[in-house]
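# Survey of secondary and tertiary structure
Here is what each chain is made of, one letter per residue.
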Amino acid sequence: MPLVPVSLSLTACSRRIAKRHPGLFRRLGEHGCKRFILDPADLPIVLCLEPNGGQPKVRALRGSGDGDARISGPLAALLGLVHGAYDGDALFFSRDLVIEGDTAAALALRNAVDDAELDLSQEIAAMSGPFARFLLRAVAFAEQRTGVSLARPEEEAAW
């Protein structure tokens, strides 16, 4: 599969997210110019995220990629971390998540993502125009069938 279209799509999506959540990349502070390698260990590619001060670029790469910080783990764990379904500390201490390189930068990214309360399915649906409802139903079905967190869990009502 050619990775250039994937990279262009991911960059466009990340820039849209940056516009909808401007604090996401600002919160990185001094780490806003670092390169982050996101390594879904169960896929044959890695993602290189360059925040570029709020004008992010994402490249899908074969091989290990070169970055300042590497966050590696199963795709389900990485998605669950983004959606707030899993605790990053628990994933790290159980060794389901491996952080290498600049751990301060990786922690800054994790904190920025936590603070933004992202829901990737909602972000993609917002770009889907008239197909948004269908897309959200398909995501809910896939999430139910796979057990993988594809959307931010509903907040439980306070007692």
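I will try to describe carefully the structure that is included in this document. (Residues numbered from 1 in each chain as written. Predicted model: local features only at pLDDT ≥ 70, side-chain atom pairs only at ≥ 80, totals over all residues. Heavy atoms only, no water.)

## Regarding the overall build of the protein
What counts, and what does not: For helices the rule is a DSSP run of H or I covering at least 4 residues; for strands it is a run of E covering at least 2, with both sets numbered from the N terminus onward. Between buried and exposed lies partly exposed: a residue is buried under 20% and exposed over 50% of the maximum accessible area for its type, with that area taken using a 1.4 Å probe on protein chains only. Residues are treated as being in contact if the distance between any of their heavy atoms lies within 4.5 Å. Here the Shrake-Rupley method, with its probe set to 1.4 Å, supplies the accessible areas, and only the displayed protein chains count as covering residues. For the charge count, each Lys or Arg is scored as positive and each Asp or Glu as negative, with His and the chain ends excluded. Every charge is mapped onto a representative atom, which is NZ of Lys, CZ of Arg, CG of Asp or CD of Glu.
Along the protein, the regular secondary structure elements total 7 helices and 5 strands. Each helix (α) and strand (β) of the protein, taken in turn from the N terminus, gives the series α-α-β-β-β-β-α-α-β-α-α-α. Across the 159 residues that make up the protein, the buried fraction comes to 36%. Intrachain contacts of the protein at a sequence separation of at least 6 include 62% that bridge at least 24 residues. Looking at the protein as shown, the accessible area adds up to about 9,600 Å², and 58% of this sits on carbon and sulfur atoms. Looking at the protein, you have 18 positive and 20 negative side-chain charges, and the mean spots of the two groups are 9 Å apart.

## Regarding the pattern of salt bridges
Rules: A pairing counts as a salt bridge when a side-chain nitrogen of Lys or Arg comes within 4 Å of a carboxyl oxygen of Asp or Glu.
This model, assessed by the stated rule, comprises 8 salt bridges. Note that E123 and R20 form a salt bridge whose closest N and O atoms lie 2.7 Å from each other. Of this pair, E123 sits in helix α6 (residues 120–126) while R20 sits in helix α1 (residues 4–20), placing them 103 residues apart in sequence. Residue class for R20 comes out partly exposed when judged on its relative accessible area of 44%. Where R110 meets D114, a salt bridge forms, and the shortest distance between an N and an O atom there is 3.5 Å. On the criterion of helical spacing, the pair formed by R110 and D114 is a turn pair, its members being 4 residues apart in helix α5 (residues 103–116). Three or more residues are tied together by salt bridges with common partners; here these are D39, R70 and E100.

## Focus: the packing of aromatic side chains
Note the following rule: A pair of aromatic rings is counted whenever rings of Phe, Tyr or Trp (Trp by its six-membered ring) have centres within 6.5 Å, and the orientation is called stacked for planes under 30 degrees apart, edge-to-face for over 60 and tilted otherwise.
Taken as a whole, this structure holds 1 aromatic pair when the rule is applied. Centroid distance F92 to F93: 5.2 Å. Interplanar angle 75 degrees. Geometry classified as edge-to-face. When its relative accessible area of 36% is taken as the criterion, F92 is described as partly exposed. Residue class for F93 comes out exposed when judged on its relative accessible area of 66%.

## Quick look at α1
Short version of the rule: Expected span, for any helix, means 1.5 Å times one less than how many residues it has.
The end-to-end C-alpha distance of α1, which contains 17 residues, comes to 24 Å, matching closely the 24 Å that a straight helix rising 1.5 Å per residue would cover. All of the buried residues in α1 are S7, T11, C13, S14, I17 and A18. Of the surrounding elements, those touching the buried residues of α1 are α2 (23–26), β3 (57–62) and α6.

## A look at the side chain of D39
Note on placement: D39 falls in strand β1 (residues 36–40). Ignoring sequence-local partners within four residues, the contact set of D39 consists of I45, V46, R70, I71, S72, G73 and L78.

## Brief notes about the nonpolar core
Applied cut-off: By nonpolar core we mean a set of buried residues, namely Ala, Val, Leu, Ile, Met, Phe, Trp, Tyr and Cys, connected to one another through side-chain atoms within 4.5 Å.
Counting residues in each nonpolar core, the largest one holds 24 residues, and the members touching the most others are L24, L28, F36 and L109. The set of elements that each furnish at least two residues to this core consists of α1, α2, β4 (69–73), α3 (75–82) and α5. Broken down by element, the residue count for this core peaks at 7 residues, all from α5. Here L24 is in contact with I17, A112, V113, A116 and L118, once residues within four sequence places are set aside.

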